[in-house]
Amino acid sequence: MLSVPVSWRTRDGSGTLDGVLVLDGASLRLQYQTLDWHQGAQHPNARELRLSPEAIVHAEFRKGFLWIAPSIELQASDFAALATLDADQSGHLSLRIRGSHRRAAKSLVAELHSAQAEARYRRWTRDMDRMASAAGTKEEGEQGR
(Lines give C-alpha, C1' and ligand atoms only; values in the text may rest on other atoms or scores of the structure.)
Protein backbone atom coordinates (compact mmCIF):
# COMPACT_ATOMS: atom_id res chain seq x y z
CA MET A 1 0.00 0.00 0.00
CA LEU A 2 1.53 3.29 -1.11
CA SER A 3 1.05 6.50 0.84
CA VAL A 4 2.31 10.06 0.38
CA PRO A 5 1.95 13.03 2.76
CA VAL A 6 0.27 15.91 0.91
CA SER A 7 -1.06 19.42 1.52
CA TRP A 8 -3.09 22.00 -0.37
CA ARG A 9 -4.54 25.44 0.21
CA THR A 10 -8.21 26.15 0.35
CA ARG A 11 -9.83 27.99 -2.51
CA ASP A 12 -10.03 31.28 -0.65
CA GLY A 13 -6.49 30.90 0.75
CA SER A 14 -7.62 31.11 4.37
CA GLY A 15 -6.49 27.63 5.34
CA THR A 16 -4.34 24.64 4.59
CA LEU A 17 -5.40 21.05 4.46
CA ASP A 18 -2.79 18.46 5.38
CA GLY A 19 -3.21 14.78 4.83
CA VAL A 20 -2.07 11.49 3.42
CA LEU A 21 -2.89 10.14 -0.03
CA VAL A 22 -3.16 6.35 0.06
CA LEU A 23 -3.66 3.90 -2.79
CA ASP A 24 -5.01 0.66 -1.37
CA GLY A 25 -5.88 -1.15 -4.59
CA ALA A 26 -9.64 -0.73 -4.48
CA SER A 27 -9.62 3.03 -4.12
CA LEU A 28 -7.62 6.20 -3.70
CA ARG A 29 -8.09 7.53 -0.18
CA LEU A 30 -7.31 11.01 0.98
CA GLN A 31 -7.23 11.33 4.76
CA TYR A 32 -6.90 14.94 5.91
CA GLN A 33 -7.48 17.57 8.54
CA THR A 34 -7.67 21.33 8.28
CA LEU A 35 -5.50 24.07 9.71
CA ASP A 36 -7.14 27.45 10.10
CA TRP A 37 -4.73 30.30 9.40
CA HIS A 38 -6.80 32.92 11.19
CA GLN A 39 -6.86 31.09 14.49
CA GLY A 40 -3.78 28.91 13.99
CA ALA A 41 -5.61 25.89 15.30
CA GLN A 42 -5.63 22.47 13.72
CA HIS A 43 -9.05 20.88 13.72
CA PRO A 44 -8.78 17.55 15.53
CA ASN A 45 -11.29 15.58 13.49
CA ALA A 46 -9.72 13.82 10.56
CA ARG A 47 -11.81 13.28 7.45
CA GLU A 48 -11.52 10.84 4.60
CA LEU A 49 -12.40 10.96 0.92
CA ARG A 50 -12.45 7.81 -1.21
CA LEU A 51 -12.29 7.87 -4.99
CA SER A 52 -12.50 4.79 -7.16
CA PRO A 53 -10.01 4.56 -10.04
CA GLU A 54 -12.96 4.93 -12.44
CA ALA A 55 -13.90 8.29 -10.87
CA ILE A 56 -10.44 9.76 -11.53
CA VAL A 57 -10.28 11.38 -14.95
CA HIS A 58 -6.68 12.55 -14.80
CA ALA A 59 -3.77 11.93 -12.45
CA GLU A 60 -0.29 13.29 -13.01
CA PHE A 61 2.92 13.73 -11.07
CA ARG A 62 4.53 17.11 -11.72
CA LYS A 63 8.13 17.87 -10.88
CA GLY A 64 7.46 21.56 -10.40
CA PHE A 65 9.43 24.55 -11.55
CA LEU A 66 13.13 23.73 -11.21
CA TRP A 67 12.09 20.57 -9.34
CA ILE A 68 11.34 22.74 -6.31
CA ALA A 69 7.58 22.27 -5.88
CA PRO A 70 6.51 18.73 -6.83
CA SER A 71 2.80 17.99 -6.89
CA ILE A 72 0.17 15.44 -7.79
CA GLU A 73 -2.59 16.80 -9.99
CA LEU A 74 -5.94 15.04 -9.78
CA GLN A 75 -9.13 15.61 -11.71
CA ALA A 76 -12.20 13.58 -10.82
CA SER A 77 -15.56 13.03 -12.44
CA ASP A 78 -17.16 13.19 -8.97
CA PHE A 79 -17.35 16.96 -8.56
CA ALA A 80 -19.30 16.75 -5.30
CA ALA A 81 -16.53 14.72 -3.66
CA LEU A 82 -13.82 17.23 -4.53
CA ALA A 83 -16.06 20.14 -3.57
CA THR A 84 -15.99 18.86 0.03
CA LEU A 85 -12.21 19.36 -0.05
CA ASP A 86 -12.55 23.00 -1.00
CA ALA A 87 -10.72 22.15 -4.22
CA ASP A 88 -10.69 24.08 -7.47
CA GLN A 89 -14.13 24.76 -8.87
CA SER A 90 -13.49 22.60 -11.93
CA GLY A 91 -13.08 19.35 -9.99
CA HIS A 92 -9.31 19.71 -10.04
CA LEU A 93 -7.04 19.25 -7.06
CA SER A 94 -3.34 20.07 -6.86
CA LEU A 95 -1.64 18.30 -3.95
CA ARG A 96 1.74 19.63 -2.87
CA ILE A 97 4.44 17.11 -2.06
CA ARG A 98 7.61 17.52 -0.03
CA GLY A 99 10.76 16.99 -2.08
CA SER A 100 11.74 13.96 -0.02
CA HIS A 101 8.53 12.18 -1.10
CA ARG A 102 8.99 12.58 -4.88
CA ARG A 103 9.79 8.92 -5.50
CA ALA A 104 6.78 7.72 -3.49
CA ALA A 105 4.51 10.21 -5.30
CA LYS A 106 5.73 9.01 -8.71
CA SER A 107 5.15 5.39 -7.69
CA LEU A 108 1.68 6.17 -6.37
CA VAL A 109 0.64 7.85 -9.62
CA ALA A 110 2.08 4.95 -11.67
CA GLU A 111 0.15 2.44 -9.53
CA LEU A 112 -3.00 4.54 -9.90
CA HIS A 113 -2.60 4.46 -13.69
CA SER A 114 -2.27 0.65 -13.50
CA ALA A 115 -5.41 0.43 -11.34
CA GLN A 116 -7.28 2.61 -13.85
CA ALA A 117 -6.16 0.40 -16.75
CA GLU A 118 -7.23 -2.70 -14.84
CA ALA A 119 -10.64 -1.17 -14.10
CA ARG A 120 -11.09 -0.23 -17.77
CA TYR A 121 -10.20 -3.80 -18.79
CA ARG A 122 -12.69 -5.29 -16.32
CA ARG A 123 -15.41 -2.95 -17.57
CA TRP A 124 -14.56 -3.80 -21.20
CA THR A 125 -14.67 -7.58 -20.60
CA ARG A 126 -17.93 -7.24 -18.67
CA ASP A 127 -19.46 -5.26 -21.55
CA MET A 128 -18.16 -7.75 -24.12
CA ASP A 129 -19.60 -10.69 -22.16
CA ARG A 130 -22.93 -8.91 -21.87
CA MET A 131 -23.01 -8.15 -25.59
CA ALA A 132 -22.03 -11.74 -26.44
CA SER A 133 -24.79 -13.17 -24.24
CA ALA A 134 -27.33 -10.73 -25.73
CA ALA A 135 -26.27 -11.76 -29.26
CA GLY A 136 -26.49 -15.44 -28.28
CA THR A 137 -30.06 -15.14 -26.97
CA LYS A 138 -31.07 -13.24 -30.09
CA GLU A 139 -29.65 -16.01 -32.33
CA GLU A 140 -31.44 -18.70 -30.28
CA GLY A 141 -34.72 -16.81 -30.70
CA GLU A 142 -34.26 -16.64 -34.49
CA GLN A 143 -33.41 -20.37 -34.75
CA GLY A 144 -36.53 -21.32 -32.81
CA ARG A 145 -38.80 -19.84 -35.50
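Since we're looking at a predicted model, the values are computed, not measured.

Novice: Go over the overall build of the protein, please, and point to the residues and values.
Specialist: Counting its secondary structure elements, the protein contains two helices and seven strands. Reading the helices (α) and strands (β) of the protein from amino to carboxyl end gives β-β-β-β-β-β-α-β-α. In the protein, which comprises 145 residues, the proportion classed as buried is 32%. In the protein, of all internal contacts separated by at least 6 residues, the share reaching a separation of at least 24 is 42%. With the model as given, the accessible surface of the protein reaches about 9,200 Å², and the carbon-plus-sulfur share is 52%.

Novice: Explain the pairing of strand S6 (residues 71–76) to me, using residue names and the numbers behind them.
Specialist: Of all the six residues making up S6, five are buried; the element is thus mostly covered by neighbouring parts of the structure. Examined bridge by bridge, strand S5 (residues 56–62) and S6 share six bridges and lie antiparallel to one another. From the neighbouring strand, Glu60 faces S6, where its bridge partner is Glu73. By the bridge criterion, five bridges tie S6 to strand S7 (residues 92–96) in an arrangement that is antiparallel. The residue of S7 that forms the bridge with Leu74 is Leu93.

Novice: Would you mind going over the side chain of Ser71 in detail, with residue names and values included?
Specialist: Locating Ser71 in the fold gives a position in strand S6. Taking relative accessible area as the criterion, Ser71 reaches 7% and is therefore assigned buried. At 3.0 Å, the side chain of Ser71 and the side chain of Glu73 are in polar contact.

Novice: Got a sec to walk through a nonpolar patch on the surface? Specific residues and values, please.
Specialist: Nonpolar side chains collect at one region of the surface, where Phe65, Leu66, Trp67 and Ile68 lie side by side and expose about 550 Å² of accessible area between them. Assignment of secondary structure puts Trp67 in the loop between S5 and S6. Look at Trp67 and you get exposed, because its relative accessible area is 53%.

Novice: Tell me about the nonpolar core, and name the residues and values.
Specialist: Among soluble globular proteins, nonpolar side chains are generally buried collectively. Formed by 28 residues in total, the largest nonpolar core has its most connected members in Trp8, Leu30 and Ile72. The greatest single-element share of this core, amounting to four residues, is contributed by helix H2 (residues 102–143). Beyond its immediate stretch of four places on either side in the chain, Ile72 contacts Leu21, Glu60, Phe61, Leu93, Ser94, Leu95, Ile97, Ala105, Leu108 and Val109.

Cut-offs applied
Residues numbered from 1 in each chain as written. Predicted model: local features only at pLDDT ≥ 70, side-chain atom pairs only at ≥ 80, totals over all residues. Heavy atoms only, no water. Helix = DSSP H or I, 4+ residues; strand = E, 2+ residues; numbered from the N terminus. Buried < 20%, exposed > 50% of the residue type's maximum accessible area, 1.4 Å probe, protein only. Contact = heavy atoms within 4.5 Å. Areas by Shrake-Rupley, 256 points an atom, 1.4 Å probe, with all protein chains shown as cover. Pairing = 2+ DSSP bridges. Polar contact = N/O pair within 3.5 Å; in protein donor to acceptor, adjacent residues only side chain to side chain. Patch = residues over 30% accessible without salt bridge, like charges linked within 9 Å, V, L, I, M, F, W, Y side chains within 5 Å. Salt bridge = Lys/Arg side-chain N within 4 Å of Asp/Glu carboxyl O. Core = buried A, V, L, I, M, F, W, Y, C linked by side-chain atoms within 4.5 Å.

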